[in-house]
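# An overview of the molecular structure
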Amino acid sequence: MQKKFASVAAAVAIVGALVASSVAPANAAVPGIKTGLKIAIMPKAVNIGYFTAWNKGAQTACKEIGAKCTYVGPTEATGPAQVQFINKIIQQKYDVLVISAADQNAIVPSLRKAKAAGITVVTSDADVAAASASARVVSVLPAASARIGTAEVDWIAEAVGKKGSIAVLSAAATAANQNAWIAAMGPYLTSKYPDMKWVGGTVDKSVFYGDDDATKSTAQFAAILSQYPDVAGIISPTTVGVLAAAIEKKAKNAKVKVTGLGLPSQMAPYIEDGTVEKVGLWNPIDLGYVAVYAAARAKSKSFTGKVGSSFKAGKKTYKVTAGGIAYLGDPFTFTKANIATFKKIY
Ligand code: RAM
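Residues numbered from 1 in each chain as written. Predicted model: local features only at pLDDT ≥ 70, side-chain atom pairs only at ≥ 80, totals over all residues. Heavy atoms only, no water.

## With respect to the environment of F334
- Along the chain, F334 turns up in strand β15 (residues 332-334).
- Residue classification places F334 among the buried residues on the basis of a relative accessible area of 0%.
- Remark: the alpha-carbon pair of F334 and M267, spanning 67 residues in sequence, is separated by 9.2 Å. (Helix = DSSP H or I, 4+ residues; strand = E, 2+ residues; numbered from the N terminus. Buried < 20%, exposed > 50% of the residue type's maximum accessible area, 1.4 Å probe, protein only.)

Okay, here's the thing in structure tokens:
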């Protein structure tokens, strides 16, 4: 079942496509998209490097479609913090909001208010809860949750020699993206790796939350080691968590193996020196780029967001699948062999 994550060649192809599309003159009209749209790009938190890359792609799309895009959001990755910014966007009469939901439930009433005010809402990277899918037009996500979650289990299995107990260092307990990946990890580890187990017995009891905050993630890494001194491996499905874990593992000379979803530019020193063998991630630049196109087309009424409908972003066409989700495509893995290439891209 488990397909391999994509190759460097594919990554380079995607980056090539992005570069090609960004040479179009600024403010050139893209058929099917109104020019002059006022678009807000809201990350879980503005100080996370992953979202800087996401915004970079969003801004490239904005230039191509002649939109005015503002990167705006809190410095703390929580729903209540995002709500304050969503309210401002409603007051300031934005046309479009592209948002990564820090909290799958807490922001929903504000998104509904935005929708009622005529703002087209698209989630990207992290969605709202499935039951609240009608609060946004579509969600642009990296890849199917099961793919992302089970791949991370395979990486840690490889690192620990398919033996030992595993903990998870996550972002916030309220984040739909991390929760969906973790849900997929649980049964997969148990069925595929008979000599591995979760430190707490089940995956749910093995998750430590660092809230996408470097200091908290560092403290949670220490908490895992003190509560479970025999822990063989830590999966951190967040760029903030996996970086904190790598830094701490190195500083404490800890034996525990670390993997997860890491930004290559941040993880490069720890991959190069062998602290961490492998991490993976999609291209967040592409993710932001595609999300802006979906949102701008929806606002311009050339895309409905309905299941089965599709939209074009750059040279590629994306189809909306069950749950109102469009997926970017295959993520990549990074090791000593290819990190030098990827760290220059994102
Ligand atoms: C962090 C955020 C983001 C997630 C990545 C992998 O930057 O939690 O939502 O997609 O990690």
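## Quick look at the site of the ligand
- The full set close to the ligand counts 14 residues, and K44, D125, Q178, D212 and T239 are the nearest of them.
- Within the side chain of D125, one N or O atom sits 2.6 Å away from an oxygen atom of the ligand.
- At a separation of 2.9 Å, an oxygen atom of the ligand approaches a polar side-chain atom of Q178.
- Against a free-state accessible area of 290 Å², the protein chains account for coverage of 100% of the ligand.
- When contributions to the shell around the ligand are tallied by element, the ones reaching two or more residues are α2 (49-65) and α6 (176-192). (Near = heavy atom within 4 Å. Polar contact = N/O pair within 3.5 Å; in protein donor to acceptor, adjacent residues only side chain to side chain. Areas by Shrake-Rupley, 256 points an atom, 1.4 Å probe, with all protein chains shown as cover.)

## Describing the packing of helix α5 (residues 145-160) against α6
- Running from N to C, α5 and α6 cross one another at 50°; their axes reach a closest spacing of 7 Å. One way to sum up the angle between α5 and α6 is to call them oblique. The handedness of the crossing between α5 and α6 comes out as right-handed. Contact residues: S145, A146, I148, G149, T150, E152, V153 and D154 in α5; A180, W181, A184, M185, Y188, L189 and K192 in α6.
- In the contact of α5 with α6, the residues fall into nine nonpolar, three polar and three charged. (Axes fitted to C-alpha atoms, helices over the stretch in contact; angles between N-to-C directions. Parallel < 35°, antiparallel > 145°, perpendicular 65-115°, else oblique. Left-handed = near helix turned anticlockwise from the far one by under 90°. Contact = heavy atoms within 4.5 Å. Nonpolar A, V, L, I, M, F, W, Y, C, P; charged D, E, K, R; others polar.)

## Description of the state of the cysteines
- Taken as a whole and judged by the stated rule, the model has one disulfide.
- Each sulfur in the disulfide pair C62 and C69 lies 1.9 Å from the other. Around the S-S axis, the bridge from C62 to C69 shows a dihedral of about -80° and counts as left-handed. (Disulfide = S-S within 2.5 Å.)

## Quick look at the pairing of strand β10 (residues 257-260)
- Here strand β9 (residues 233-236) runs beside β10; their pairing, made up of four bridges, is parallel. Residue pairing in the sheet places S236 in a bridge with G260 of β10. (Pairing = 2+ DSSP bridges.)

## Quick look at the domain arrangement of the protein chain
- For the protein chain, the domain assignment lists domain 1 (19-142 + 283-329) and domain 2 (145-281).
- Taken over C-alpha atoms, the centre of domain 1 sits 28 Å from the centre of domain 2.
- Of the residues lining the interface, 14 residues belong to domain 1; the matching set on domain 2 comes to 15 residues.
- Between domain 1 and domain 2, the buried area comes to about 1100 Å², and carbon and sulfur atoms account for 55% of it.
- Summed over the shared surface of domain 1 and domain 2, the result is zero salt bridges. (Domains from an automatic or database assignment. Buried area = accessible area lost by both parts, 1.4 Å probe. Salt bridge = Lys/Arg side-chain N within 4 Å of Asp/Glu carboxyl O.)

## Describing the pairing of strand β6 (residues 164-170)
- Burial of β6 is extensive: six of the seven residues sit out of reach of the surface.
- Bridge count between β6 and strand β7 (residues 196-198): three bridges; the pairing is parallel. The residue of β7 that forms the bridge with I166 is W198.
- On the question of chirality, the crossover connecting β6 to the parallel β7 by way of α6 is right-handed.
- Where β6 meets β9, three bridges bridge the pair, whose relative direction is parallel. When the bridges of β9 are listed, V168 appears paired with I235. (Right-handed = clockwise from strand over helix to strand, strands pointing away.)

## With respect to the sheet that holds strand β4 (residues 120-124)
- Sheet architecture is open: six strands sit in the order β2-β1-β3-β4-β5-β14, paired in parallel fashion. The sheet is open, and its two edges are formed by β2 (68-71) and β14 (325-327), each paired on a single side. When strand polarity is set aside, the average angle formed by the axes of neighbouring strands in this sheet is 20°.
- In this sheet, β14 lies alongside strand β5 (residues 138-141) in parallel orientation, the contact comprising three bridges.

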